[in-house]
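A look at the structure
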Amino acid sequence: YRFLGEPVVEACVENGASCIDISGEPQFLEGMYLKYNQKAAEKGVYIIGSCGFDSIPADMGVLYTRDKLKGTLTAVESFLKMKSGPEGVCIHDGTWKSAVYGVADQDNLRNLRKKIGYAPVPVVGAKLKRRGFVFYSPEFREYCIPFMGSDVSVVKRSQRYLYTDLKETPVQYGAYVNIGGLGSVIKLMLAGILFLLLVKFSFGRKLLTKYPEFFSAGRFTKKGPTQKQMDETSFTMTFFGEGYSEGQDPQNGKPNVKICTEVKGPEPGYVATPIAMVQAGVSLLEETACLPKQGGVYSPGAAFSKTKLIDRLNKRGLEFSVISKAEV
């Protein structure tokens, strides 16, 4: 999308067609917002990014958690756990390239956000603490790291819209991924250091994009996964939410209600993503009255918060469920 996405958005806006994409690249997504939000609004078209695994499970999962809590949800953390068969997980190198160029170009993303001039979203309730780069989760009995995808930036954009335009209470959000035992941590840290060293130089980026299989220990390949790998892979995203019971002021005292929800689905890249994308498209076509009043460039949570998208996904294999509620 960084290199090839904009002409599609431009053509859709110019010709009055709505469009969705499955981008997981914050720089592209937010760049399109800066350049085309006003024009899309004038044309009455909806440009809705990240309608794949990045970031419908996370974005709609936060809204689902909010709607299932009796009271005011103020903070959520999500934990992504991948499950695979004996042949492991494999991802096409297009995703690897997105990561290489995304990490290399972080300064430009910061500059882009300054240009947009996002209004700050207030922190409601107890401030969500940021976790360290590697930490042990007693709930999963595994080590976890921050999720490096676009989920946090997408959820933030949705929450900003819901607060600014719909006057809804904004939810703080942190995203993490489970990586397993100590051995996995050591391997990941060594690979991460090498990646960060190489990504700073154009020669290093050439190496990383030319030999994805070598530098990712077989996780990313130019061929992508086999059918067997896809059949044996699935994901679970668990959401731990906290907030304040009905009638309690979120600005006073500690959170006194908790909730745990889950989004489960098949292999993320090639099975869950098309399910999410197609259902987002169906919602866009069939639930026009439930979309934001005017066109523009939106994240999924902003565009679909009033639609039946979660019900549609539930019927097609992306399952949203409540695991537990701890009332007052």
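All of the points below concern the structure found in this document. From a predicted model like this one, the values you see are computed outputs, not experimental measurements. (Residues numbered from 1 in each chain as written. Predicted model: local features only at pLDDT ≥ 70, side-chain atom pairs only at ≥ 80, totals over all residues. Heavy atoms only, no water.)

Attention now goes to the overall build of the protein chain. Scanning the protein chain for helices and strands turns up 13 helices and 12 strands. Expected size for 328 residues packed as a compact globule is a radius of gyration near 20 Å; at 20 Å, the protein chain falls within 12% of this value. Based on the C-alpha atoms only, the size of the protein chain along its principal axes is roughly 55 × 50 × 40 Å. The buried share of the protein chain, taken over its 328 residues, is 47%. (Helix = DSSP H or I, 4+ residues; strand = E, 2+ residues; numbered from the N terminus. Rg over C-alpha atoms; globule rule 2.2 N^0.38 Å. Buried < 20%, exposed > 50% of the residue type's maximum accessible area, 1.4 Å probe, protein only.)

Looking now at the nonpolar core. Within the largest apolar cluster, 46 residues are counted, with the highest numbers of intra-cluster contacts made by Ile48, Ile56, Met60, Phe235, Phe304 and Leu313. Residues in contact with Ile56, not counting those within four places in the same chain, are Ser50, Cys51, Gly61, Ala276, Ala280, Pro300, Leu309 and Leu313. (Core = buried A, V, L, I, M, F, W, Y, C linked by side-chain atoms within 4.5 Å. Contact = heavy atoms within 4.5 Å.)

So, on to a nonpolar patch on the surface. Together, Tyr1, Ile22, Met277 and Val278 line one region of the surface with nonpolar side chains, adding up to about 310 Å² of accessible area. Classification of Ile22 by relative accessible area gives partly exposed; the value is 35%. (Patch = residues over 30% accessible without salt bridge, like charges linked within 9 Å, V, L, I, M, F, W, Y side chains within 5 Å. Areas by Shrake-Rupley, 256 points an atom, 1.4 Å probe, with all protein chains shown as cover. Salt bridge = Lys/Arg side-chain N within 4 Å of Asp/Glu carboxyl O.)

Helix length check: helix α6 (residues 151-166), at 16 residues, gives a terminal C-alpha distance of 21 Å against a target of 22 Å (1.5 Å per residue), a fit within 8%. Those residues of α6 that fall on the buried side of the exposure criterion are Asp151, Ser153, Val154, Val155, Arg157, Ser158, Gln159, Arg160, Tyr161 and Leu162. Just downstream of α6, Lys167 is the residue with a positive phi angle, here 55°. (Expected span 1.5 Å × (residues − 1).)

With that settled, consider the pairing of strand β3 (residues 72-83). Two strands pair when backbone bridges link them, and β3 and strand β9 (residues 234-244) are joined in this way by 11 bridges, in the antiparallel orientation. Residue pairing for β9: Leu73 is matched across the bridge by Gly243. As paired elements, β3 and strand β7 (residues 172-180) share six bridges and run parallel to each other. Paired with Glu77 across the strands is Gly174, a residue of β7. (Pairing = 2+ DSSP bridges.)

Opposite charge on two side chains permits pairing when their charged atoms draw close. Counted under the stated rule, the structure contains 15 salt bridges. Put simply, Arg110 and Asp107 hold a salt bridge, and the shortest N to O gap is 2.6 Å. With Arg110 and Asp107 both in helix α5 (residues 106-116) and three residues apart, the pair spans about one turn of that helix. Arg110 sits in the partly exposed class, given a relative accessible area of 48%. Overall, the relative accessible area of 51% leaves Asp107 in the exposed class. Linking Lys228 and Glu232 is a salt bridge whose minimum nitrogen-to-oxygen distance equals 2.7 Å. Accessibility expressed as a relative area gives 25% for Glu232, which makes it partly exposed.

This part takes up the packing of helix α2 (residues 26-43) against α6. Packing of α2 against α6 brings their axes to within 10 Å, and their N-to-C directions diverge by 25°. Put simply, α2 runs roughly parallel to α6. The interaxial crossing formed by α2 with α6 has left-handed handedness. On the side of α2, the interface is formed by Pro26, Leu29, Glu30 and Tyr33, while α6 contributes Ser153, Val154 and Arg157. Along the lines of polarity and charge, the residues of the contact of α2 with α6 split into four nonpolar, one polar and two charged. (Axes fitted to C-alpha atoms, helices over the stretch in contact; angles between N-to-C directions. Parallel < 35°, antiparallel > 145°, perpendicular 65-115°, else oblique. Left-handed = near helix turned anticlockwise from the far one by under 90°. Nonpolar A, V, L, I, M, F, W, Y, C, P; charged D, E, K, R; others polar.)

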